[in-house]
Amino acid sequence: MKETLMRLENEMKEMKEKLGSLIASKEESTDLGIFDPSELINRIRQLYKSREGRLSPFPWCEEFQFFLGNIFTRLKVVRRNKTGRKVKDMFVDMSSILDPYEGCSAPRTALIEGEPGMGKTTYCKKYVYDWATKEEEPQGCGATAFKAVLLLNCRDIHSKIWEAIEDQLLPRDIDEKVKQNFFQFIRENQSSILLILDGLDELPSSKLPTFSEWIEGRILPGCHIVATARHEAGKEVRKCCDALLEIVGFAAEDVDKYVIKYFKDSPNLATKLLERIRRDKNLKEMAVNPLNTTLLCLLCEEFDGTFPENRAQLYLDMVECVLRRYRKKKGQTTNVDLKKLYQPQLNHLGLVALNGLFNDKLDFDKRELGNLAKDLTEFGFLSGQPGGSRLRQNIHYAFLHKSFQEFFAAFFICSKIHGKEITAEELVSDERCFSELCPVLLFTCGILSTQCSEEVVPLINSLANQVSENEGIGTNVVLAAINECKGEQCFPLQLAKWFGSGLNLTELDLSRSLIGDTCATLIAEAIKGNKTLTNLNLSGNRITNADPTSIAEAIKVINTLTNLDLSDNLITDSGATSIAEAIKSLTYLNFSGCRITDAGAASLFEAVKVNKTMMELSLP
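Everything quoted here is computed from the prediction, not taken from an experiment.

Participant: What am I meant to see in the overall build of the protein chain here?
Facilitator: Scanning the protein chain for helices and strands turns up 26 helices and 19 strands. A buried classification covers 52% of the 620 residues belonging to the protein chain. Sequence separation of 24 or more characterises 74% of the internal contacts of the protein chain that already satisfy a separation of 6 or more.

Participant: I'm lost on unusual backbone geometry in this one. Help?
Facilitator: Leave glycine aside and you will find that most residues have negative phi; peptide bonds, for their part, are mostly trans. Of note, the phi angle at Asp304 is positive, near 55 degrees, even though the residue is not glycine. Summarising the element assignment, Asp304 is placed in the loop between helix H12 (290-302) and helix H13 (311-329). For Asp304, a relative accessible area of 51% puts it in the exposed group. The phi angle at Arg512 is positive, at roughly 50 degrees, despite the residue not being glycine. Relative to the assigned elements, Arg512 resides in the loop between strand S15 (507-509) and helix H23 (516-528). Taking the relative accessible area as the measure of exposure, Arg512 reaches 53% and is therefore exposed.

Participant: Could you clarify how one ought to interpret the pairing of strand S5 (residues 109-113) in this entry?
Facilitator: When a strand is regular, its side chains alternate between the sheet's two faces. The buried fraction of S5 is high, at five of five residues. Bridge count for S5 against strand S10 (residues 224-229) is five bridges, and the pairing is parallel. Across the sheet, residue Ile112 finds its bridge partner in S10, namely Thr228.

Participant: Explanation requested: the environment of Val255 in the structure shown.
Facilitator: For Val255, the location among the structural elements is in helix H9 (residues 252-262). Taking the relative accessible area as the measure of exposure, Val255 reaches 6% and is therefore buried. Val255 sits 32 residues away from Ala287 along the chain, and the two C-alpha atoms are 6.7 Å apart. Apart from residues no more than four positions distant in its own chain, Val255 is found in contact with Phe250, Leu274, Ile277, Ala287 and Thr293.

Participant: Explain H9 here, please?
Facilitator: Working note: α-helix, 3.6 residues per turn, so residues spaced by three or four point in the same direction. Three or more residues of H9 are buried, namely Asp254, Val255, Tyr258, Val259 and Tyr262. For H9, the arc enclosing every buried residue in end-on projection is 130 degrees, short of the 170-degree limit, so these residues lie on one face. Of the residues in H9, the exposed ones pointing more than 90 degrees away from the buried face are Ala252, Lys257 and Lys261.

Participant: I keep staring at the pairing of strand S14 (residues 396-399) and nothing clicks. Help me out?
Facilitator: Side-chain alternation along S14 places His396 and Ala398 on one buried face and Tyr397 and Phe399 on a second face that is also buried. Pairing of strand S12 (residues 363-365) with S14, which is carried by three bridges, proceeds in the antiparallel orientation. Bridge pairing links Asp363 to Ala398 in S14.

Participant: What is the right way to read the confidence of the model for the protein chain from this model?
Facilitator: Caution is warranted with low-pLDDT regions, since their predicted coordinates should not be read in detail. Taken as a whole, the protein chain shows an average pLDDT of 82; of its residues, 82% reach a score of 70 or greater. Per-element confidence in the protein chain is highest for helix H6 (residues 176-188), whose mean pLDDT is 95, and lowest for strand S6 (residues 139-140), whose mean pLDDT is 45. Here residues 22-32 is a poorly scored stretch, pLDDT under 50, and it has three contacts once near neighbours within four places are set aside; other chains count. Segment residues 136-144 is flagged for pLDDT under 50; beyond a separation of four residues in sequence, or across chains, it makes 23 contacts in the model.

The rules behind each value
Residues numbered from 1 in each chain as written. Predicted model: local features only at pLDDT ≥ 70, side-chain atom pairs only at ≥ 80, totals over all residues. Heavy atoms only, no water. Helix = DSSP H or I, 4+ residues; strand = E, 2+ residues; numbered from the N terminus. Buried < 20%, exposed > 50% of the residue type's maximum accessible area, 1.4 Å probe, protein only. Contact = heavy atoms within 4.5 Å. Pairing = 2+ DSSP bridges. Arc of directions from axis to C-beta. pLDDT = per-residue confidence, 0-100.

Now the structure itself:
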């Protein structure tokens, strides 16, 4: 014990001597006019602690604040090559994205890509917060810790990089000489400086070449740079970057942990919500973002764990939940039709959302909200992004997730249809309905089916005409849209039959469309109402035994179908037997790549003996 005390005393003595030397060195540097950046760097650290440490995502629910240190600790980044393809099935911590890897021994620049709402900006905030608090001591270029980490929002950069650093990070009252000394410090210590450029996709295309020059090293060639962008903008600068990565968000187990923690006093609600997330692909994608997971928790709490099967109704319930809490916060009654009461605000928000999708823009200026800005910014559907700029004081807003933007765009379209301001023909004449605006079309059909099912029928008929003109292209989109109309139990099947009767096609290729069991049932119903189809290709769609039965029933009804391709599906003997009972008029049947054994093959051979027209039968 005595030896231990003596050792501790000696260590404390050494620490005091070192501290005294540091203080003397600092005073000597000041006397000699040598610039010490530590005070200014500490002020930047303090800025990160206060500005980036916590998030308050929902204005209507102030009790929910998120501490970045607890929430955004498990987001993952996966390394990719210059084409954007995944190099390895391994995840990379952000603190090591500039570490050497196979293909680059000393990366200086890295590009992090990700879909909207995946958490690119929040990941950057988490990184600078950790650097500011020194909780993880982020590393770069091997074991060298960065002396300064400078986070800049691209949309708030209007000219030179030095002006951007001053505008977004330096104190407002900074002395001009101190500022110039700090800039000189950056020039002289480039290998120890990390510059984070967040949001290249938010730049006008005319500015991308300038930022590409920064990344290439035309300015500050020794400085390390990490940039973030959506994939479209990322393509423009990939060639300049040493390392390419993609944020893939929360893992499923992280969502589970968060929901269970949220409902620690109501575990039954946690179970209900997690079961729904696992079952619903769209909710699963949303839950990758922790903020969206929280919104789902709030909705689950509001409706006591009851979720509608219709996805559009789920989002309508979210709107109802948000508006109800907004009214309660203002001390106003909620015993009114809230969506009707706030129809002007919701429609305007939908118009902004649709215009943004048309222009491939996720965020927008507060001025676009017009005289309805007060309500729209306080509802909670939008997240504000002040950016920290002194030159650009107006706040930018964005939807919490792109699916919210698509929903509100569809809400606006439905209002136009209700008001007879747009027809179904006009809506589907835009080819983007079958591509980038496909989610909007799905929401539109779902909303119409919950509000006025009669208005869905002319929309499906118009879609059938458009698909016929496009020689079958877009059929899988229409089937998915019909699947969203889960109001009355038989309504989707009726819509499928109407869709099929409107198709004027002899061939329909849905191979590898991943339509699955549900949509396969719908296509079977569509066949029953069709009188022209001869060739149907459903190969590679993960169809199981449930749907061959539906398809078999359809074959019995339709007399024109001669060629049927069901190869590379999950069909086994029972599914093959169902088809065998209905192949009277088929001339070509393909089951190759399915899971049919000798028993299933025997059923098919017996059917062929009766079938006088079969020319070719392919089996595994």
